[in-house]
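A look at the structure
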Amino acid sequence: MIITLLGTGDSPGTPVINCHCRTCEDARRKGWERKRFSVMVQNNGKTVLIDTSPDLRRQLLDCKVEKVDAVIWTHCHFDHFGGFGEFYRVQNNVRVYSTPQIHDDIGYFMKFMSYKPIEVDAFESFNVGGVDFTLLPVNHPPVSAVGVKVEWKGYKVVISGDTNARIPESTLREMQNPDLFIVEALAPAGKFRKHMNAREAMELGKRLNAGKIVLTHLGHFYPPHHIAVKSYPVGEDYQSFSFGEGRLDEFIGD
Ligand SMILES: [Zn+2]
Ligand SMILES: [Zn+2]
Ligand SMILES: [Zn+2]
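Source: prediction; values computed, not measured. Numbers given to residues run from 1 along each chain, matching the order in which its sequence is written. For naming, the first written chain is A and the first written ligand is 1, with later ones following in the order written. Reporting of local features is limited, given that this is a predicted model, to residues whose pLDDT is at least 70; pairs of side-chain atoms are given and counted only at 80 or more, and all residues count toward the totals for whole chains, interfaces and linings. Side-chain figures throughout are based on the complete set of non-hydrogen atoms in the structure, without hydrogens or water.

1. What about the coordination of the zinc ion (ligand 3)?
Ideal geometry at a metal gives 109.5 degrees between four tetrahedral donors and either 90 or 180 degrees between six octahedral ones. We apply this condition: Counted as donors are the N, O and S atoms within 2.8 Å of the metal, or 3.2 Å for Na, K and Ca, while water is not among the atoms, so some sites may look incomplete. Angular criteria define each label, namely tetrahedral for four donors with all angles between 85 and 135 degrees, square planar for four and octahedral for six donors with opposite donors over 155 degrees apart and remaining angles between 65 and 115, and irregular for whatever fails these tests. Strands are runs of DSSP state E lasting at least 2 residues, helices are runs of H or I lasting at least 4, and numbering of each runs from the N terminus. Only protein chains enter the area calculation, which uses a 1.4 Å probe; residues under 20% of their type maximum are buried, those over 50% are exposed, and those in between are partly exposed.
Protein ligation of the zinc ion (ligand 3) involves His75 (NE2), His77 (ND1), His140 (NE2) and Asp162 (OD), the donor distances falling in the range 2.1 to 2.3 Å. In this structure, the zinc ion (ligand 3) is coordinated by four donor atoms arranged in irregular fashion, with angles at the metal of 88 to 171°. In terms of primary sequence, the donors binding the zinc ion (ligand 3) are separated according to H-x1-H-x62-H-x21-D. A distance of 3.4 Å spans the gap from the zinc ion (ligand 3) to the zinc ion (ligand 1), which Asp162 bridges by coordinating each metal. Here the residue His77 occupies a position in the loop between strand S4 (70-72) and helix H3 (78-81), and Asp162 occupies one in the loop between strand S10 (155-159) and helix H5 (169-175), the gap between them amounting to 85 residues. No difference in accessibility class separates His77 from Asp162, as the two residues are buried.

This is how it looks when you write it as C-alpha cells:
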C-alpha cells in the first residue's frame, strides 16, 4: 500500500494569490507550492482519493494516475471536494463514500455531475481495493466532518481531516496507536475555532501514541518550507509512504 500526500495546503494554497509575504514570495521564487488537500491511497492497482482537491487535474497528471476507483469525502468545504469536476469529463460514475450528512451537504453543489454516492455510517468500516477504511467524526464547526482510519495488513494510518483539537473520545479511541498520523495543522501557533495549530497537532499525535506524525493542511503562516521543516514534521506535496514487508518507507515522488 502506498499513501501519497497530493496536496498539503490550506484552502487558498501556497503561494496565496496576491499575497507577498516571505513564504509566498519564497514559493514563487523557488517554484514550490502547497496544493489543496487530498490524500491518495493505492493498493492492488486501485486508487482511492480521500478528498478531491481543486488542484486535482494537476495532481493526477503529475502522479500519472489514469483512473480513480473511489473517492471519500471528509466534509463539505470547497478545498476538499471542489476538484471532483476535474475528472468528471474523463471518468463517469465514480463511487463516492461518505456519511449521509456529508453527501447531503456536498450533493447540493454537485447537481450537474453524475457519481455514485455510497452512504456509510461513522465507525462502520468498508473495504476498497483490499484496504479497510473507517470514517470517524471530528470537530470542524459549523459543518459535519470526519477523519479517516486506513488499515491494511496490520498497518494503521489515521488522517485527521479538518478538525480542531476537541475531537470526541469515541473517535480518539479508534485513532489510537497509528503507524502514521497525517494531521492537520493550519498554522505554527494561534487559536482557531475550526483548526489546530502545530503544537496542538503534535500533542494529539503524542497522545495517540503515533509512530510517525506528518503535518498537513498548512497555511502560508509557516516560514518557507525549507525553514519550517527544521522545526515541525511538515509534509510536502507528493511525499509518499509505502507499507509492506514489515516496513514503512518514505520518498518524495519524481
Ligand atoms: Zn480544508
Ligand atoms: Zn503569503
Ligand atoms: Zn474545512
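2. Topic: the coordination of the zinc ion (ligand 1)
Protein coordination of the zinc ion (ligand 1) is provided by Asp79 (OD), His80 (NE2), Asp162 (OD) and His217 (NE2), with donor distances spanning 2.1 to 2.3 Å. Coordination at the zinc ion (ligand 1) comes from four donor atoms whose angles at the metal span 87 to 171°, giving a geometry best classed as irregular. In terms of primary sequence, the donors binding the zinc ion (ligand 1) are separated according to D-H-x81-D-x54-H.

3. What to know about the packing of aromatic side chains
What counts, and what does not: When the centres of two rings from Phe, Tyr and Trp lie within 6.5 Å, Trp using its six-membered ring, the rings pair. Their planes under 30 degrees apart give stacked, over 60 give edge-to-face, and anything left gives tilted.
According to the stated counting rule, one finds twelve aromatic pairs in the structure shown. Taken together, a centroid distance of 5.4 Å and an interplanar angle of 75° make the contact between Trp73 and Tyr115 edge-to-face. Here Tyr115 lies in the loop between helix H4 (100-107) and strand S6 (116-119) and Trp73 lies in the loop between S4 and H3, a separation of 42 residues in the sequence. The exposure class of Trp73 is buried, given its relative accessible area of 0%.

4. Notes on the environment of Met202
Cut-off, in case you're wondering: Every residue pair with non-hydrogen atoms within 4.5 Å of one another is taken to be in contact.
In this structure, Met202 sits in helix H6 (residues 198-207). In sequence terms Met202 and Ile213 are eleven residues apart; their C-alpha atoms lie 7.5 Å from each other. Met202 has contacts with Ile213, Leu215 and Pro233, leaving out every residue within four places of it along the chain.

5. Quick look at the pairing of strand S2 (residues 38-43)
Heads up, the rule is: When DSSP finds at least two bridges between two strands, those strands are taken to pair.
The buried fraction of S2 amounts to five of the six residues, a majority that puts the element mostly inside the structure. Note that strand S1 (residues 2-7) and S2 share five bridges and pair antiparallel. Looking across to S2, one finds that Leu5 is bridged to Val39. In this structure, S2 lies alongside strand S3 (residues 46-50), joined through five bridges in antiparallel fashion. The partner of Met40 across the bridge, within S3, is Leu49. Between S2 and the antiparallel strand that follows it, S3, lie two residues; Asn44 among them carries a positive phi value of about 50°.

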